[in-house]
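# Inside the fold
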Amino acid sequence: MTEHAPTGSGLPDGAETCLSFTVSGPWGHFRRIEGNIVKQTYRVIPRTTVAGLIAAMLGIERDGYYDLFAPGESLVAIEPTSELRTMKLPMNTLSTADEHLSSLNPRGKLSIKLPDPSKPRQQHNYEVLVDPAYRIDVWLDNDERYNQLRSLLESGESYYVPSLGLSEYLATVDYHGEFPIEQGPSDDTVAIDSTVPEAVDSIIPDPETRYQIEQTPAFMERDDGGRTTSAFVSYAYNPDGGPLTFTDVSTYSVDDRTVVFT
């Protein structure tokens, strides 16, 4: 049984600074886990997808980074910086199930499995994000990986090409710098730039501001089948890319912005 992600008010020991960057692209698709004929997308990039994107930049293999981003071992704040709008696109796809893959160079020492191009295509309707952009603040307890990520961001390099959900939706990563994590405003009400986890009852409605709630995967664990989602988080966010006002929420300040970490 999966759980909700922990959102405590305190920071883990050693969480004094974080790395901040914006990831954006012309297209994005973060497939919702519930099945549907139309392949729907989350509006907010899930924390698990952020973890996978950073792991790809670091060159960590699939299913090899879950402990790095476990609760207490990492902090992530996510801020949509553009209007989150979607459209539906029909796509012709080939199955990537094991029984539908064929080996390239099967007699050699190295073999690559690819979809069989002779098989008929399947048409699916994909809901895709148009020009999505998210500012990410991240801290890792693993000093070696944290320093490696900082070096890659500073140099504009990445081990694998970053993408926004699907491999063909290539992403641009803009590094803002390393910033101290400071205590946020202590006012009764506060405008928060990032998404805010598990705080729907704390939103102060504004007739001029839209807000939405979305539950997305937060943490994953390795299992016999590869991986499984171990916790979810429900975010409140502004789909137009601006702040929302809350009461009774513990916040932090990063680069003169007010954020909440998960």
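The shown structure was predicted, so the numbers you read here are calculated from the model rather than taken from an experiment.

## Topic: helix H1 (residues 47–58)
Helix length check: H1, at 12 residues, gives a terminal C-alpha distance of 17 Å against a target of 16 Å (1.5 Å per residue), a fit within 8%. Counting buried positions along H1 gives 10 out of 12 residues, so the element sits mostly inside the fold. For H1, every residue scored as buried is listed here: Arg47, Thr48, Val50, Ala51, Leu53, Ile54, Ala55, Ala56, Met57 and Leu58. Once H1 ends, the next one or two residues include Gly59, with phi positive near 80°.

## A few points about the nonpolar core
With 51 residues, the main nonpolar core has Ile54, Ile78, Tyr134, Ile136, Val138 and Phe261 as its most contacted residues. Among the secondary structure elements, those contributing two or more residues to this core are strand E2 (17–24), H1, strand E5 (74–80), strand E10 (133–140), helix H2 (143–155), strand E15 (212–221), strand E16 (228–237) and strand E18 (252–254). Ranked by residues supplied to this core, first place goes to H1 with seven residues. In this view, Phe261 contacts Leu11, Cys18, Leu75, Val76, Ala77, Asp137, Ile181, Pro197, Tyr252 and Val254; residues no more than four positions away in its chain are not counted. Among the nonpolar cores identified, the runner-up in size contains 10 residues, and Val196, Ala199, Ile203 and Ala236 belong to it.

## A closer look at the sheet that holds E5
The strand order across the open sheet built from four strands is E5-E10-E2-E11, with neighbouring strands paired in antiparallel fashion. Across the chains shown, the open sheet's two edge strands, defined by having one partner strand only, are E5 and strand E11 (172–180). Each strand of the sheet is rotated relative to its neighbour by a mean of 20°, with strand direction disregarded. Two elements, E5 and E10, share seven bridges in a ladder whose sense is antiparallel. What sits directly across from Leu75, in E10, is Trp139. Contacts from H1 reach E2, E5, E10 and E11 within the one sheet, and its direction differs from that of E5 by about 110°. Along the sheet face, H2 touches E2, E10 and E11 and points at about 45° away from the line of E2.

## Structural notes on the sheet that holds E18
If you trace the three strands from one edge of the open sheet to the other, you get E12-E18-E19, paired in antiparallel fashion. Both edges of this open sheet fall to strand E12 (182–183) and strand E19 (257–259), since each of them pairs with a single strand only. Examined bridge by bridge, E18 and E19 share three bridges and lie antiparallel to one another. Paired with Ser253 across the bridge in E19 is Thr258.

## Description of the packing of aromatic side chains
Applying the stated criterion across every chain, the model contains five aromatic pairs. Seen from their ring centres, Tyr65 and Phe69 are 6.3 Å apart, and the 85° between their planes marks the pair as edge-to-face. One exposure class covers both Tyr65 and Phe69, and it is buried. Taken together, a centroid distance of 6.1 Å and an interplanar angle of 55° make the contact between Tyr252 and Phe261 tilted. For Phe261, a relative accessible area of 7% translates into the label buried.

## A closer look at a negative patch on the surface
Together, Asp13, Asp67, Glu73, Asp141, Asp143, Glu221, Asp223 and Asp224 make up a negatively charged patch on the protein surface. By secondary structure assignment, the location of Asp224 is in the loop between E15 and E16. Owing to a relative accessible area of 89%, Asp224 belongs among the exposed residues under this scheme.

## Digging into the pattern of salt bridges
One pass over the structure, following the stated rule, counts nine salt bridges. For the salt bridge of Arg257 with Asp137, the shortest nitrogen-to-oxygen distance reads 2.9 Å. Placement of the pair is Arg257 in strand E19 and Asp137 in strand E10, with a sequence separation of 120 residues. Take Arg257 and Asp137: they sit in the same class, and that class is buried.

## Let's talk about the pairing of strand E17 (residues 244–247)
Going residue by residue along E17, you find Leu244 and Phe246 tucked away on one face and Thr245 and Thr247 left uncovered on the opposite face. Judged from the four bridges that link them, strand E13 (residues 189–192) and E17 form a sheet pairing that is antiparallel. Bridging across to E17, Thr189 finds its partner in Thr247.

Calculation notes
- Numbering of residues starts from 1 in each chain and follows the order in which that chain's sequence is written.
- Local features in this predicted model are restricted to residues of pLDDT 70 or higher, and side-chain atom pairs are both shown and tallied only at a pLDDT of 80 or more, whereas totals for entire chains, interfaces and linings draw on every residue.
- No hydrogens and no water enter the side-chain calculation; it runs on all heavy atoms of the structure.
- Numbering of helices and strands runs from the N terminus; a helix is a DSSP stretch of H or I covering at least four residues, while a strand is a stretch of E covering at least two.
- An expected span of 1.5 Å times one less than the residue number is assigned to each helix.
- Burial classification: accessible surface area is computed with a 1.4 Å probe over protein chains only, and a residue below 20% of its type maximum counts as buried, one above 50% as exposed, and the rest as partly exposed.
- Among buried residues, the Ala, Val, Leu, Ile, Met, Phe, Trp, Tyr and Cys ones that are joined through side-chain atoms within 4.5 Å form a nonpolar core.
- Every residue pair with non-hydrogen atoms within 4.5 Å of one another is taken to be in contact.
- Any two strands between which DSSP finds at least two bridges are classified as paired.
- Only C-alpha atoms enter the line fits that serve as axes; for helices the fit covers just the stretch in contact. Angles between N-to-C directions range over 0 to 180 degrees.
- Note on ring pairs: Phe, Tyr and Trp rings are taken, using the six-membered ring of Trp, and paired if centres are within 6.5 Å. Classes follow the plane angle, with under 30 degrees stacked, over 60 edge-to-face and the rest tilted.
- Patch definition: residues with relative accessible area over 30% and no salt bridge; like charges joined within 9 Å; nonpolar side chains (Val, Leu, Ile, Met, Phe, Trp, Tyr) joined within 5 Å.
- Surface accessibility in these figures is a Shrake-Rupley result with a 1.4 Å probe; residues are shielded only by whichever protein chains are displayed.
- A pair is scored as a salt bridge if a Lys or Arg side-chain nitrogen falls within 4 Å of a carboxyl oxygen belonging to Asp or Glu.
- Under the counting rule used here, the positive set is Lys and Arg, the negative set is Asp and Glu, and His together with the chain ends is not counted.
- Taken as the charge location is NZ of Lys, CZ of Arg, CG of Asp or CD of Glu.

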